[in-house]
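Residue-level structure breakdown
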Amino acid sequence: MAKRALERVLDGETVNPPPIWLMRQAGRYLPEYRKVREKAGGFLNLCYNPDFATEVTLQPIRRYGFDAAILFSDILVIPDALKRNVRFEAGEGPRLDPIDADAILALEKSYDAGRLDPVIEAVKRIRRELPEETALLGFCGAPFTVATYMIAGRGTPDQAPARLFAYRHRREFLRLLDYLADLSADYLIRQLEAGAGAVQIFDSWAGVLGEEDFADFAAAPVARIVAKVRAKHPGAKIIAFAKGAGPNLASYRAKTGADAIGLDWTVPLAIARDLQKDGPVQGNLDPLSVVAGGHAMKSRALAILEALADGPLIFNLGHGITPEADPEHVAALVRLVRGEE
C-alpha cells in the first residue's frame, strides 16, 4: 500500500491536511478508557495485559480516526524490567525504589527482558487490528527522564535529586544513561519488528537541564538510541520530544539524528518554522486550550496551521492531553485540522 500520511511526513513530505494524533490520546478523558482501567485493577496491569493495552490503544482511533495510534504503555516499564519495584499509587503517581551509585554498577544483573514480552505482544495485536491507513507508533522514555525517576524514586518539581546526583556521581550517572539507552534501543527495535511503523522518544524532563548537561544527558543518550536502532533497521523513523528544551532544540535534531522534533507549546511559532527548515516538526498546541475549547482552542490551532502547514508537520499537542479535556473538544479539533469546519 501507499505510505501512511504520518510516515510520509517523517520522510520529509508536506501533507495537507497534516496528519494528527495527540499525546496521551488514550487516557482518562475518555469514558471508555476509564471503564477498561477499572476492569484492569491497576495501571501496570493495564500496560502488561495485551488485551487491555490493545483495546485502549484502539479506542481513540475508533472515536476520532486519528492518523496514528500510539502503543499504550508507560516509560517506566524499563526500570520495572530492571526490578526497581515500580508501582503506581492513586493520586500520587509512580513510585520506585530509589537507586544509588553502587546499585547502578550492579544493574546488568537484574534485567528481565521477558517482563516486556506482553508489551510486544500488544504491538502485534494493535497493528493487526488497526485500519491499514493508520500509522502505529511505538515509544520509550528518554534515558535522562527515566533516570530522574529511578534516582528520586518518584517525580519531583524540577528533578533536583537526579541533577544533584549527577553533580556528585557523574561517572555513575553517565553509566546509567548509557545502560538505559542500550535497553531502550533494544526495546524500540522489538517494537518495530512487531509492527510499529515509527517510534517516539519522550524526554519529559529535558527542560531542567543547562546547556552542557543537555548535550551530555539529553542529546547524547538519545543519539545513542537512534544509532543503535538504525544499525539494526536503517530506515527506522524516529521522533524525539524534549519538553522544555527551548534554545537547545536548535541543534537537537543534528545531535540526535531524529527524523522529527516534537515541540512543546512554549516554542514560538517563528522558531518552529526555523526548525522545520531542517525537517519535520510535531506539535504544539497547549493541552489546556483543548480543555477550554471554543475560540481559545480554535485560534491557537489555526495559528499553528498557518505557520507550519506549508512544511512537513505532524499536528499534535505540546504535551499530553489532560484528564479534564472534553472529548467533544477533541472531535472539534480533529475536524478543524482536517478542514471540516
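Please refer to the structure placed before this passage.
Just so it is clear, the structure is predicted and the values come from calculations on it, not from any experiment. (Residues numbered from 1 in each chain as written. Predicted model: local features only at pLDDT ≥ 70, side-chain atom pairs only at ≥ 80, totals over all residues. Heavy atoms only, no water.)

So, the overall build of the protein
Helix and strand counts for the protein come out as 16 helices and nine strands. Counting only residues that meet the buried cut, the protein has 58% of its 341 residues in that class. Sequence separation of 24 or more characterises 73% of the internal contacts of the protein that already satisfy a separation of 6 or more. By element, 49% of the accessible surface of the protein is carried by carbon and sulfur atoms, the whole surface being about 13800 Å². Put simply, the protein has 42 plus and 45 minus side-chain charges, and the middle of one group is 2 Å from the middle of the other. (Helix = DSSP H or I, 4+ residues; strand = E, 2+ residues; numbered from the N terminus. Buried < 20%, exposed > 50% of the residue type's maximum accessible area, 1.4 Å probe, protein only. Contact = heavy atoms within 4.5 Å. Areas by Shrake-Rupley, 256 points an atom, 1.4 Å probe, with all protein chains shown as cover. Lys, Arg positive; Asp, Glu negative; His and termini not counted. Charge placed at Lys NZ, Arg CZ, Asp CG, Glu CD.)

Quick look at the packing of aromatic side chains
Here a ring pair, both rings aromatic, is described through the centre-centre distance and the interplanar angle of the planes. Applying the stated criterion across every chain, the model contains eleven aromatic pairs. An aromatic cluster is defined as three or more aromatic residues linked by ring pairs; in this entry it consists of Tyr 33, Phe 43, Phe 72 and Phe 88. (Phe/Tyr/Trp six-rings, centres within 6.5 Å; stacked < 30°, edge-to-face > 60°.)

So, helix 16 (residues 327-337)
Within helix 16, nine of the eleven residues are buried, leaving the element largely enclosed by the surrounding structure. For helix 16, every residue scored as buried is listed here: Pro 327, His 329, Val 330, Ala 331, Ala 332, Leu 333, Val 334, Leu 336 and Val 337. Buried-residue contacts for helix 16 involve helix 2 (31-40), helix 4 (50-64), strand 8 (281-285), helix 14 (287-292), helix 15 (294-308) and strand 9 (313-317). For helix 16, the capping residue at the N-terminal end is Asp 326, with a side-chain oxygen 2.8 Å from the backbone nitrogen of Glu 328. Phi turns positive one or two residues past the end of helix 16, at Gly 339, with a value near 70°. (Polar contact = N/O pair within 3.5 Å; in protein donor to acceptor, adjacent residues only side chain to side chain.)

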